[in-house]
Amino acid sequence: MSFTLDEDGYAIVNFVKSFFNLKSESKDSLIGKKNVYHLRIKKLFYRWIDKSISEEDLIELRETLYRDNNKQWAPLGTNIIQHKTNCPQLCRYCYNIAWKHRSEKLEIPDIEDTREMFCTDEKRVEKVWTTRKKANLYIFGSTHDIFPEMIDDYISVARKVIESGSELLIVTKPNIVCMKKLCKELKDLKDKIMIVCTITSNDKDLLEYWEPHAPLYKERVECLKYAYDQGYRTSVSMEPYLSDPRKVIKDICRYVTHYVWLGKMNHCKELEFDEEQYEKLDGLYDEEYVMDLIKDLRDNEKVFFKYSMMRAVGLTGKRLVKSK
Ligand code: SF4
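First things first, this report covers the structure right here in the doc. These numbers were taken from a predicted model, which means no experiment stands behind them.

Within the secondary structure, Lys190 is located in the loop between helix H7 (176–185) and strand E4 (193–198). Judged by local crowding, Lys190 falls into the partly exposed class, with 16 C-beta atoms found within 10 Å. Remark: the alpha-carbon pair of Lys190 and Arg233, spanning 43 residues in sequence, is separated by 7.9 Å. The residues touching Lys190, leaving out its near neighbours within four places in the chain, are Gly231 and Tyr232.

Quick look at the structure:
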């Protein structure tokens, strides 16, 4: 007999999963502790929106924005790419490509010229991860995606990092071949992992322009559902969202055990875009639009905001000056 879940079925499974997740995670896992932290910041942020935040809580919120800055998800990242090569997804907004151009004078790549430029860093693949005194949460890969050509190396390093005592956020614009392999080979370590699928829009034209080598919407949702069905923690990154994110959120929420992150595009000045395509994003990151999203999505317990969204509506980070 075959058995498939409809939308209501997923809602029930999700409720049960999140109940047990929260119960079991909050004590010892780093991912669980981070969950408590994200919930706290979200609560303070909505108090700030409502103008009901206390002075003490506002200091905590602004200090967190200042201190964490681009480390909102995890304090550390690791990767297995040779530093002087690029991630072959070649997303047109990629901060990492811009940064390598700025710091290493690496050329901004031609998007037709793809896979050859990615080289695995053997030293990083072979690195021994000794048992850590203090466990850490890592984003892996912090500067590249995951591809069939390097999936075996990726899995072997992921295993070493986790077996050294740490936990992983696996962040990817996923393809189904890699997702199936990942889920199968890391099954015994799944309580140390969260899979974060980046799904920036459901609009084919936008995806084909901005993320020309990444899988399209349908495949990414299929990957998310697959990871969810295999019992992994799942989240979605919509950073940057490339169109109204509400429809995507409605489609994917049932396969998300933890977060749907909304974030703005970080426009790096080195990168040039087609004017007509860029105009399609017009208004999406304006203060008024962002504030409407934040208010509309307030009752969705899975939606969280990157600091870029908080800044877009006027919240600023501030360093805490400790009194002597
Ligand atoms: S997948 Fe990530 S690292 Fe790779 S090109 Fe796109 S934005 Fe850059």
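Geometrically, the link from Phe140 to Gly141 is a cis peptide bond, its omega value of -5 degrees lying close to zero. Within the element layout of this structure, Gly141 appears in the loop between strand E2 (137–140) and helix H6 (151–163). The step from Glu239 to Pro240 runs through a cis peptide bond, and the omega angle for that step is 5 degrees. Tracing the backbone through its elements, the reader meets Pro240 in the loop between strand E5 (233–238) and helix H10 (246–252). At Lys51, a residue that is not glycine, the phi angle is positive and equals roughly 60 degrees. With respect to the secondary-structure elements, Lys51 resides in the loop between helix H2 (30–49) and helix H3 (55–68). Lys51 gets classed as exposed once you count the C-beta atoms within 10 Å, which come to 6.

Calculation rules
- Residues numbered from 1 in each chain as written.
- Predicted model: local features only at pLDDT ≥ 70, side-chain atom pairs only at ≥ 80, totals over all residues.
- Helix = DSSP H or I, 4+ residues; strand = E, 2+ residues; numbered from the N terminus.
- Buried ≥ 20, exposed ≤ 12 C-beta atoms within 10 Å, placed from the backbone.
- Contact = placed C-beta atoms within 7 Å.

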